[in-house]
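Observations on the model geometry
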Amino acid sequence: AQSVAQPEDQVNVAEGNPLTVKCTYSVSGNPYLFWYVQYPNRGLQFLLKYITGDNLVKGSYGFEAEFNKSQTSFHLKKPSALVSDSALYFCAVRDRGGNNNDMRFGAGTRLTVKP
Amino acid sequence: DAGITQSPRHKVTETGTPVTLRCHQTENHRYMYWYRQDPGHGLRLIHYSYGVKDTDKGEVSDGYSVSRSKTEDFLLTLESATSSQTSVYFCAISFGANPPTYEQYFGPGTRLTVT
């Protein structure tokens, strides 16, 4: 079965600095990979996905993520953090040969951007 | 929140009582999901549906049942609530188009407390 690890519970960055939120995954086949963001008292919002093609994917709000097959990673990045980026971030994986229902989420990383 | 509403948004109930949570969508999506969110666990799939009266179990289905008698409504029932079912419950949909979009879109959540 597939799984996702988000090794950092908390990431703190200063506004204007680059940010990285880490994600590693495990699947038996090839992965579909996703990032979601959750603001307080809200549902998860889809940010970006890797399905196939270019390893660098761009998403909403200036976020991007790089798929690295050899390192089984899909780290979320942003060149210049904003205070409004402070939220809970979830990485998710699905095996390409699996079903829609077989999405696995990481435990989440809380990003705090300080002014 | 992708045209998804959940009701109630907050509920406090006593151990042993039945509870039903409702998810309503307005866009006739085929696939619907119920997740629970707990600290340190991310989101875990409880049940999902791939059409009217077509449902199946997820990763943490024990103690939960679901029903889908109409495309727009997906109900989650706790037959006899326990304190371990205190959680935030999220409904999600995915677009079963051709090709499908793979990512899921989430409702605002229901915070359930079992005392």
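The structure we're discussing is the one just above.
No experiment lies behind these values; they were computed from the predicted model shown.

It is worth spelling out the packing of aromatic side chains at this point. Enumeration according to the criterion identifies 15 aromatic pairs over all chains in this entry. Relative to Tyr102 of chain B, the ring of Tyr32 of chain A lies with its centre 4.4 Å away and its plane at 40 degrees, an arrangement referred to as tilted. With Tyr32 of chain A in strand β5 (residues 31-38) and Tyr102 of chain B in the loop between β9 (87-94) and β10 (104-106), this pair bridges two chains. Comparing Tyr32 of chain A with Tyr102 of chain B, the two get one shared label, buried. Considering the side-chain rings of Tyr36 of chain A and Phe106 of chain B, the 5.6 Å spacing of their centres and the 90 degrees angle between planes classify their relative orientation as edge-to-face. With Tyr36 of chain A in strand β5 and Phe106 of chain B in strand β10, this pair bridges two chains. Pair check on accessibility: Tyr36 of chain A and Phe106 of chain B agree, each one buried. Cluster of aromatic residues (ring-pair linked, three or more members): Phe34, Tyr36, Phe46 and Phe105 of chain A together with Tyr33, Tyr35, Tyr105 and Phe106 of chain B. Just above the ring of Phe63 of chain A sits the side chain of Lys78 of chain A; from NZ or CZ to the centre is 5.0 Å.

Moving on: the sheet that holds strand β3 (residues 19-25) of chain B. Note on sheets: strands pair through backbone hydrogen bonds, and any given pair is parallel or antiparallel. Residue and element names in this part refer to chain B. Pairing in this open sheet of four strands is antiparallel, and the strands run β1-β3-β8-β7 from one edge to the other. The open sheet has two edge strands with one neighbour each: β1 (4-7) and β7 (64-70). Across the sheet, the mean angle from the axis of one strand to that of its neighbour is 20 degrees, orientation sign disregarded. Alignment of β3 against strand β8 (residues 73-78), held across six bridges, turns out to be antiparallel. Considered in β8, the bridge of Arg22 is made with Leu75.

Moving on: the interface of chain B and chain A. Between chain B and chain A, the residue contacts involve 24 residues of the former and 21 residues of the latter. Summed over both sides, the interface of chain B with chain A buries roughly 1800 Å², with 53% coming from carbon and sulfur. Considering only the side of chain B, the residues that lose the most area to chain A are Tyr102, Glu103 and Phe106 of chain B, jointly responsible for 31% of the buried surface there. Viewed at the interface, chain A and chain B are joined by one salt bridge. The salt bridge involving Lys49 of chain A is made with Glu103 of chain B; its shortest N-O contact spans 2.8 Å. Linking chain B to chain A there are three residue pairs in polar contact (both at pLDDT 80 or more). Counting only elements with at least two residues in the side of chain B that touches chain A, the list comes to β4 (31-38), β5 (42-51), β9 and β10 of chain B.

Here we come to unusual backbone geometry. Between Ser7 of chain B and the following residue, Pro8 of chain B, the backbone shows a cis peptide bond with an omega angle of -10 degrees. With respect to the helices and strands, Pro8 of chain B occurs in the loop between β1 and β2 (10-13). In this structure, Asn41 of chain A is a non-glycine residue whose phi angle is positive, near 60 degrees. Along the chain, Asn41 of chain A turns up in the loop between β5 and β6 (44-50). Asn41 of chain A sits in the exposed class, given a relative accessible area of 64%. Residue Thr72 of chain A is not a glycine yet carries a positive backbone phi of 45 degrees. Examined against the element boundaries, Thr72 of chain A turns out to sit in the loop between β8 (64-68) and β9 (73-78). Take Thr72 of chain A: its relative accessible area is 31%, and that puts it in the partly exposed class.

About the thresholds
- Residue numbers run consecutively from 1 along every chain, following the written order of its sequence.
- Working convention: letters from A go to chains and numbers from 1 go to ligands, in the order in which they are written.
- Totals for whole chains, interfaces and linings use every residue, but because this is a predicted model, local features are given only for residues with pLDDT of at least 70 and side-chain atom pairs only at 80 or more, for both listing and counting.
- Remark: hydrogens and water are excluded; side-chain values derive from all non-hydrogen atoms of the structure.
- Ring pairs shown here join Phe, Tyr and Trp side chains whose ring centres sit within 6.5 Å, with only the six-membered ring taken for Trp; geometry is labelled stacked below 30 degrees between planes, edge-to-face above 60, and tilted in between.
- Strands here are runs of E lasting at least two residues and helices are runs of H or I lasting at least four, both read from the DSSP assignment and numbered beginning at the N terminus.
- Under the scheme applied here, a residue whose accessible area is under 20% of the maximum for its type counts as buried, over 50% as exposed, and between as partly exposed, the area being computed with a 1.4 Å probe on protein chains only.
- Only lysine NZ and arginine CZ atoms are considered, and such an atom sits over a ring when it is within 6 Å of the ring centre and within 35 degrees of the ring normal.
- For two strands to be treated as a pair, DSSP must find no fewer than two bridges joining them.
- For helices, the axis comes from a line fit to the C-alpha atoms of the stretch in contact; other axes are also lines fit to C-alpha atoms, and the angle between any two N-to-C directions lies between 0 and 180 degrees.
- Pairs of residues are marked as contacts when any of their non-hydrogen atoms sit within 4.5 Å.
- Accessible surface is computed with a 1.4 Å probe, and the buried area is the amount of it that two parts give up when combined, taken over both parts together.
- Here a salt bridge means any side-chain nitrogen of Lys or Arg lying within 4 Å of a carboxyl oxygen belonging to Asp or Glu.
- Polar contact is the term for a pair of N or O atoms within 3.5 Å; when the atoms are in protein, one must be able to donate a hydrogen and the other to accept it, and sequence-neighboring residues count only if both atoms are side-chain atoms.

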